[in-house]
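Notes for the structure review
Given next are the chains, with one letter for each unit.
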Amino acid sequence: LSRDDISTRRVHPLLTVDHGGTWYLIAHDERSKQERRFRLDRIGELTVSDDRFPPAKDFDPTRYKVARMFLPGAEVRQARVLLHPSIAPAFRDRWLPREVTVRKSGHVEATIDYVSPNAIAAWILPYGPLAEILDPPEVRDAVVDRARTLRDLYA
């Protein structure tokens with residue numbers, strides 16, 4: 001965004017992350033020989049190969065937790081989410097929760113970082129009844145407000 005130039009890169013994909021609805025590819029960039037972030041909506045053309053790129057031994061996906069990656073000065077808070085067993089593995093891979101507790105029912109309680117209640121509501125709502133915000137109330141309220149807006153728009 002800060003430059004008008006277009007470049008061609010060969011990258012080794014490591015991880016994709018969603019930050020406020022914007023998807024990023026975390027990859028090792030052969031040109032710079034460094035791990036870099038690439039906004040997916042800024043990639044004009046893509047060629048996929050069958051090559052496999054194992055991550056470096058020191059690659060730590062927890063460095064890319066949403067609140068820590070892009071909003072270093074923001075107040076990071078925690079929310080507790082109750083997950084249906086069918087989505088818990090995918091949720092864990094995407095959100096990299098701080099704490100995870102498996103209940104006797106198989107449901108998973110996860111503690112995740114967030115900065116904006118509205119952003120977390122946008123991320124949780126697509127899970128529908130398979131994910132429930134347990135606390136804090138500000139996040140539950142944001143989910144309810146967003147669901148009502150959608151209901152009013154499509155009802």
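What this report covers is the structure whose coordinates are included nearby.

Scanning the chain from N- to C-terminus turns up four helices and seven strands. Here the chain holds 155 residues, and 32% of them are scored as buried. Partitioning the intrachain contacts of the chain with sequence separation of at least 6 by distance along the chain shows that 54% fall at a separation of at least 24. In the structure as shown, the chain presents an accessible area of about 10500 Å², 51% of it carried by carbon and sulfur atoms.

With that settled, the discussion passes to the nonpolar core. Here is a general trend for soluble globular proteins: nonpolar side chains tend to be buried in one another's company. Formed by 21 residues in total, the largest nonpolar core has its most connected members in Val81, Leu83, Phe91, Ile120, Ile124 and Ala131. Broken down by secondary-structure element, the contributors of at least two residues to this core are strand S4 (77-83), helix H2 (88-95), strand S6 (108-114), helix H3 (117-124), strand S7 (131-135) and helix H4 (137-154). With five residues, H3 is the largest single contributor of residues to this core. Leu15, Tyr24, Ile26 and Tyr64 belong to the second largest nonpolar core, which has six residues in total.

Glancing now at H4. The first and last C-alpha atoms of H4 sit 26 Å apart over 18 residues, in line with the 26 Å expected at 1.5 Å per residue. Here H4 has its buried residues at Val139, Ala142 and Val143. Seen from one end, H4 has its buried residues packed into an arc of 100°, which puts them on one side. Turned more than 90 degrees away from the buried face of H4 sit Pro137 and Asp152, all of them exposed. Tucked into the core, H4 has its buried residues touching S6, H3 and S7.

We now examine the pairing of strand S3 (residues 34-39). Successive residues of a regular strand alternate their side chains across the two faces of the sheet. Taken together, the six bridges between strand S2 (residues 22-29) and S3 define a ladder with antiparallel strand orientation. Bridged to tyrosine 24 within S3 is arginine 39. Turn length for the S2-S3 hairpin, with the two strands adjacent in sequence and antiparallel, is four residues, and the turn residue lysine 33 shows positive phi of about 60°.

Pairing is antiparallel in the open sheet, where four strands are placed in the order S5-S6-S4-S7. This sheet does not close on itself; its edge strands, each paired only once, are strand S5 (99-102) and S7. If you compare each strand with its neighbour and ignore which way they point, the axes differ by 30° on average. As paired elements, S4 and S7 share four bridges and run antiparallel to each other. Each residue of the ladder has a partner; that of leucine 82, found in S7, is glutamate 132. Its contacts with the sheet put H4 on S4, S6 and S7, and the angle it makes with S7 is roughly 145°.

Criteria and thresholds
Residues numbered from 1 in each chain as written. Predicted model: local features only at pLDDT ≥ 70, side-chain atom pairs only at ≥ 80, totals over all residues. Heavy atoms only, no water. Helix = DSSP H or I, 4+ residues; strand = E, 2+ residues; numbered from the N terminus. Buried < 20%, exposed > 50% of the residue type's maximum accessible area, 1.4 Å probe, protein only. Contact = heavy atoms within 4.5 Å. Areas by Shrake-Rupley, 256 points an atom, 1.4 Å probe, with all protein chains shown as cover. Core = buried A, V, L, I, M, F, W, Y, C linked by side-chain atoms within 4.5 Å. Expected span 1.5 Å × (residues − 1). Arc of directions from axis to C-beta. Pairing = 2+ DSSP bridges. Axes fitted to C-alpha atoms, helices over the stretch in contact; angles between N-to-C directions.

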